[in-house]
Amino acid sequence: ITSWFLKKITAPNGRTVQFTYQQKVIFNQYNYFLYSYYQDQYVSSSCGPIYSTTNNTLREQVVVKDKLYSPILSSVTIDNGAKIEFKVDNGPVFFSISGNDYSPLISNISYYQGFDKIKETNFNYLIEDRYFFLDNLDKNGQKYSFGYNLSKTLPNPLTTSLDHWGFWKGGN
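Asker: Mind laying out the pattern of salt bridges, listing which residues take part and the relevant values?
Answerer: Applying the stated criterion to the full structure yields 3 salt bridges. Residue lysine 83 is joined to glutamate 85 by a salt bridge in which the shortest nitrogen-to-oxygen separation is 3.5 Å. With a relative accessible area of 30%, glutamate 85 lands in the partly exposed category.

Asker: Describe in detail a nonpolar patch on the surface, supporting the description with residues and values.
Answerer: There is a patch of nonpolar side chains on the surface, built from Leu126, Tyr144, Phe146 and Tyr148 and spanning about 350 Å² of accessible area. Structurally, the position occupied by phenylalanine 146 is in the segment after β10 (142-145). Judged by its relative accessible area of 36%, phenylalanine 146 falls in the partly exposed class.

Asker: Describe in detail the packing of aromatic side chains, supporting the description with residues and values.
Answerer: Taken as a whole, this structure holds 3 aromatic pairs when the rule is applied. Residues phenylalanine 5 and tyrosine 21 carry aromatic rings whose centres are separated by 4.6 Å and whose planes lie at 65° to one another, so their mutual orientation is edge-to-face. Placement of phenylalanine 5 in the segment before β1 (8-10) and of tyrosine 21 in strand β2 (residues 16-37) is noted, with a sequence separation of 16 residues between them.

Asker: Describe the pairing of strand β7 (residues 102-113), with residues and values.
Answerer: By the bridge criterion, 6 bridges tie β7 to strand β8 (residues 116-128) in an arrangement that is antiparallel. In the sheet register, asparagine 108 faces β8, and the bridge partner there is asparagine 122. Hairpin geometry of β7 and β8 is characterised by an intervening segment of 2 residues between the two adjacent antiparallel strands and by a positive phi of about 65° at glycine 114.

Asker: Please provide a residue-by-residue account of unusual backbone geometry, values included.
Answerer: Unusually for a residue other than glycine, asparagine 140 sits at a positive phi of about 50°. With respect to the secondary-structure elements, asparagine 140 resides in the loop between β9 (131-139) and β10.

Asker: Lay out the pairing of β8 with the relevant residues and their values.
Answerer: Summarising the sheet, β8 and β9 pair through 8 bridges and their orientation is antiparallel. Its bridge partner being in β9, phenylalanine 123 is matched across the sheet by leucine 137.

Asker: Give me the environment of phenylalanine 19: which residues, what numbers.
Answerer: Assignment of secondary structure puts phenylalanine 19 in strand β2. What makes phenylalanine 19 buried here is its relative accessible area of 16%. Taking the C-alpha atoms as reference points, phenylalanine 19 and phenylalanine 5, 14 residues apart in sequence, are found 8.8 Å from one another. Beyond its immediate chain neighbours, meaning those up to four positions away, phenylalanine 19 contacts Leu6, Lys7, Lys8, Ile9, Leu73, Ser75 and Val76.

About the criteria used
Numbering of residues begins from 1 in every chain and follows the order in which that chain's sequence is written. Local features in this predicted model are restricted to residues whose pLDDT is 70 or higher, and side-chain atom pairs enter the listing and the counts only when it is 80 or higher, whereas totals over whole chains, interfaces and linings include all residues. To get the side-chain values, all heavy atoms of the structure are used, and hydrogens and water are removed first. A carboxyl oxygen of Asp or Glu within 4 Å of a side-chain nitrogen of Lys or Arg is what we treat as a salt bridge. Type-normalised accessible area, obtained with a 1.4 Å probe on protein chains alone, sets the label of each residue: buried when under 20%, exposed when over 50%, and partly exposed for intermediate values. Here, patches come from residues exposed beyond 30% relative accessible area and free of salt bridges, joined within 9 Å for like charges and within 5 Å for nonpolar side chains (Val, Leu, Ile, Met, Phe, Trp, Tyr). Accessible areas in this description were obtained via Shrake-Rupley with a 1.4 Å probe; residue shielding takes into account the shown protein chains only. In DSSP terms, a helix is any run of H or I states spanning at least four residues, a strand is any run of E spanning at least two, and both are numbered starting from the N terminus. Within 6.5 Å between ring centres, the rings of Phe, Tyr and Trp (the latter by its six-membered ring) count as paired, and their orientation is classed by plane angle as stacked under 30 degrees, edge-to-face over 60, tilted in between. At least two DSSP bridges between two strands are required for those strands to pair. Two residues form a contact once any of their heavy atoms are found within 4.5 Å.

Okay, structure coming up:
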């Protein structure tokens, strides 16, 4: 089990809210580092070679890949006829395991009362390399824009240039 998701809420007065989901396969890939201290010896492991350095610190990078079946919220329905629908589209490929590993992103949220659409918000994204940023949203004809400082190159998602806490150090 990778997540819990809410299906229904029943209030003390008997009113209900129901949640529906679509299932999306999400691939994850990340670096896992192993550090050990050894005295002047070469060690190998099932994950690949671990090498000795002059300060007797051994470091190994293992690329970990996993596949999750994630619930993505598609609608919220209230027993009084109100409904909120979420449209999820494919974003950019962050990294590829199978060639079509798109990141899910919300492109639209619509609010209905019965069959009448009351409100709608559309989301537009700026795609920079393999990353995406919310560029603007349009809420019933009112547009809101966002800006980002993208003057620096973004790191490769699998960069090994990380500090002790996992923050990017600026290298590859």
